[in-house]
Amino acid sequence: MAGDSEVQQTESGKDVCELDATGDVDPKLYPKRIIWKNVILLSGLHVISIYAISRAAHFKAFTVTLGIITYLLGGLGVTAGVHRLWTHRSYKARLPLRILLMICNSMALQNSIFDWSRDHRTHHKYSETNADPHNATRGFFFSHMGWLLVRKHPEVVRKGRGILVNDLLHDPVVAFQRRYYVPLAIACCFVIPSLIPWYLAGESLVNAYLVSALRYCLTLHATWCVNSLAHMYGNKPYDKRIHPSENILTASIALGEGFHNYHHTFPHDYATSEYGMKLNLTTAFIDFMALIGLAYDRRVIGKEAVNSRKKKTGELSGLADARW
Ligand code: ST9
Ligand code: ZN
Ligand code: ZN
């Protein structure tokens, strides 16, 4: 009951006031608190990005090339780093690769590896429920970026507390990034990528910053498409009872992360797809790292298991009931 509610606090002292006295969710106390700081920052980023596009003809080729390279590096910090390595443990990486991926991940500025992984593990376990941080049943905009503009649903926090994160807490690379996250992310995402073309190619600092901001904005949208587009549109060859779908557009812009029906069915496959390296730059990157000895123990789901799952629950299986 609303009247029984009390303000509870997390370990770092933040209140989770939407839980009632029993720790259950009181629906009357949710929705939703808009985080105006995030609304202003993300709106500002979009205004700057549109302005950057309008000035594109003034940018030096060096700056644009660096923008593309940092899109790919930041993207790999998300896909090969926080997603496939730290969240799903779908392969193992030696220390130099973990450090490289942590720096690339900081370049993507998408929350610390710890927070991102905890949210993503929660997303997989409780997909399309209130405990899913970007629950796609709340609509396209919410699952795309709206979830970053409001306080989390209390179920995310409550159920998320049961998610195991010991491996993340014991990884010194993850701990280092978490500790110095704000300065590290600002330096890797904006400061260094703006200084390089200014220093090496005589680009103006304003132009160099505009390209960094545009690249950041594009990386965010490519990532968010996995939660929105790939949870709404596409085929479901592996499990038709779930929302996640094979979305080729998303796979193309998100370095191979759009094969989402496969990924939610077999989350521990390091390729996140049945088709290995096809449209999947991240898988090619991990394979190259394995070739030079920096990645190992890549987990793959066998053909037989994939085919038998397709027959049991895929679109062509004849299985009738959808979960939703
Ligand atoms: C961004 C992230 O964009 C994007 C992630 C997308 C994931 C996509 C996955 C797809 C697969 C991979 C594809 C990659 C493709 C890449 C392509 C690249 C080319 N469990 O969070 P708080 C507790 S970030 C357990 O503050 P609020 C916890 O105790 C963009 N507990 O919630 C915490 O306390 P403590 C930039 C949890 O206050 C407390 O709750 N960033 C969990 O409701 C409060 O946590 C932004 O725009 C959990 N899961 O605020 C905004 N969650 O501190 C950044 C929470 O002790 N975020 N708790 O840990 C925020 O400002 C806030 O998180 C908020 C919610 C406003 C969204
Ligand atoms: Zn998903
Ligand atoms: Zn995943």
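Here, the structure is the one placed above.
Residues numbered from 1 in each chain as written. Chains lettered and ligands numbered in written order. Predicted model: local features only at pLDDT ≥ 70, side-chain atom pairs only at ≥ 80, totals over all residues. Heavy atoms only, no water.

## A look at the overall build of the chain
Consideration 1: Across its full length, the chain carries 14 helices and two strands.
Consideration 2: A buried classification covers 50% of the 324 residues belonging to the chain.
Consideration 3: Looking at the chain as shown, the accessible area adds up to about 15,900 Å², and 65% of this sits on carbon and sulfur atoms. (Helix = DSSP H or I, 4+ residues; strand = E, 2+ residues; numbered from the N terminus. Buried < 20%, exposed > 50% of the residue type's maximum accessible area, 1.4 Å probe, protein only. Areas by Shrake-Rupley, 256 points an atom, 1.4 Å probe, with all protein chains shown as cover.)

## Re the coordination of the zinc ion (ligand 3)
Consideration 1: Surrounding the zinc ion (ligand 3) are the protein donor atoms His83 (NE2), His88 (NE2), His120 (NE2), His124 (NE2) and His263 (NE2), which sit 2.0 to 2.2 Å from the metal.
Consideration 2: Here the donor residues of the zinc ion (ligand 3) are spaced in sequence according to H-x4-H-x31-H-x3-H-x138-H. (Donors = N, O, S within 2.8 Å, 3.2 Å for Na, K, Ca; no water.)

## Let's talk about the nonpolar core
Consideration 1: In terms of nonpolar packing, the biggest core is built from 32 residues, with Trp86, Tyr91, Leu97, Leu101, Phe285, Ile286 and Ala295 touching the most fellow members.
Consideration 2: Counting only elements with at least two residues in this core, the list comes to helix H2 (61-87), helix H3 (95-108), helix H4 (113-125), helix H8 (172-179) and helix H13 (281-291).
Consideration 3: When residues in this core are grouped by element, the largest group, seven residues, is from H2.
Consideration 4: Discounting chain neighbours no more than four positions away, the residues touching leucine 97 are Tyr91, Phe285, Met289, Leu294 and Ala295.
Consideration 5: Residues Val39, Cys189, Ala213 and Leu220 belong to the second largest nonpolar core, which totals 12 residues. (Core = buried A, V, L, I, M, F, W, Y, C linked by side-chain atoms within 4.5 Å. Contact = heavy atoms within 4.5 Å.)

## Concerning unusual backbone geometry
Consideration 1: Non-glycine residue arginine 89 carries a positive phi angle of around 50 degrees.
Consideration 2: Backbone geometry places aspartate 297, a non-glycine residue, at a positive phi of 50 degrees.
Consideration 3: On the secondary structure map, aspartate 297 appears in the loop between strand S2 (295-296) and helix H14 (303-313).
Consideration 4: Classification of aspartate 297 as partly exposed rests on a relative accessible area of 45%.

## Structural notes on the coordination of the zinc ion (ligand 2)
Ideal values for angles at a metal depend on the geometry: 109.5 degrees with four tetrahedral donors, 90 or 180 degrees with six octahedral donors.
Consideration 1: In this structure, His123 (NE2), His231 (NE2), His260 (NE2) and His264 (NE2) serve as the protein donors to the zinc ion (ligand 2), at separations of 2.1 to 2.2 Å.
Consideration 2: Its four donor atoms give the zinc ion (ligand 2) angles of 92 to 160 degrees at the centre, a pattern that matches the irregular case.
Consideration 3: Here the donor residues of the zinc ion (ligand 2) share one chain and are spaced in sequence as H-x107-H-x28-H-x3-H.
Consideration 4: Here the zinc ion (ligand 2) and the zinc ion (ligand 3) are spaced 6.0 Å apart. Here the residue histidine 123 occupies a position in helix H4, and histidine 264 occupies one in helix H12 (residues 260-265), the gap between them amounting to 141 residues.
Consideration 5: A residue is classified by how much of its surface remains accessible, and histidine 264, at 14% relative accessible area, is buried. (Tetrahedral: all angles 85-135°; square planar, octahedral: opposite > 155°, others 65-115°.)

## Some words on the packing of H2 against H4
Consideration 1: The N-to-C vectors of H2 and H4 enclose an angle of 65 degrees; their axes lie 10 Å apart at closest approach. The crossing of H2 and H4 is right-handed. In contact with Val78, Val82, His83, Trp86 and Thr87 of H2, H4 contributes Ile113, Trp116, Ser117, His120, Arg121 and His124.
Consideration 2: Residue classes in the contact of H2 with H4 are distributed as five nonpolar, five polar and one charged. (Axes fitted to C-alpha atoms, helices over the stretch in contact; angles between N-to-C directions. Left-handed = near helix turned anticlockwise from the far one by under 90°. Nonpolar A, V, L, I, M, F, W, Y, C, P; charged D, E, K, R; others polar.)

## Considering empty space enclosed by the protein
Consideration 1: This model, assessed by the stated rule, comprises two cavities of 30 Å³ or more.
Consideration 2: If you trace the largest cavity, you find it lined by Thr63, Leu66, Gly67, Thr70, Pro193, Pro197, Ala208, Val211, Ser212 and Arg215.
Consideration 3: Taken together, the elements giving at least two residues each to the lining of the largest cavity come down to H2, helix H9 (181-201) and helix H10 (205-227).
Consideration 4: When the residues that make up the lining of the largest cavity are grouped by side-chain class, the tally is five nonpolar, four polar and one charged.
Consideration 5: One number sums up the size of the second largest cavity: a volume of about 40 Å³.
Consideration 6: Class assignment of the residues belonging to the lining of the second largest cavity gives a composition of five nonpolar, one polar and four charged. (1 Å grid on protein atoms, 1.4 Å probe; cavity = no way out; pocket = protein on both sides within 12 Å on 5 of 7 lines; lining within 4 Å. Points joined across faces, edges and corners; volume = space filled by probe spheres on them.)

## Points about the pattern of salt bridges
Consideration 1: On inspection of all chains with the given rule, the structure shows 14 salt bridges.
Consideration 2: Aspartate 115 is paired through a salt bridge with arginine 118; the nearest N and O atoms lie 3.6 Å apart. Of the two residues, aspartate 115 and arginine 118 are both situated in helix H4; the distance of three residues between them amounts to about one turn of the helix.
Consideration 3: We note a salt bridge from lysine 303 to glutamate 274, for which the minimum N-O separation is 3.6 Å. Taken as a pair, lysine 303 in helix H14 and glutamate 274 in the loop between H12 and H13 lie far apart in primary sequence, 29 residues in all.
Consideration 4: Residue classification places lysine 303 among the exposed residues on the basis of a relative accessible area of 55%.
Consideration 5: The exposure class of glutamate 274 is buried, given its relative accessible area of 16%.
Consideration 6: Three or more residues joined by partner-sharing salt bridges are found here, namely Arg89, Arg121 and Asp167. (Salt bridge = Lys/Arg side-chain N within 4 Å of Asp/Glu carboxyl O.)

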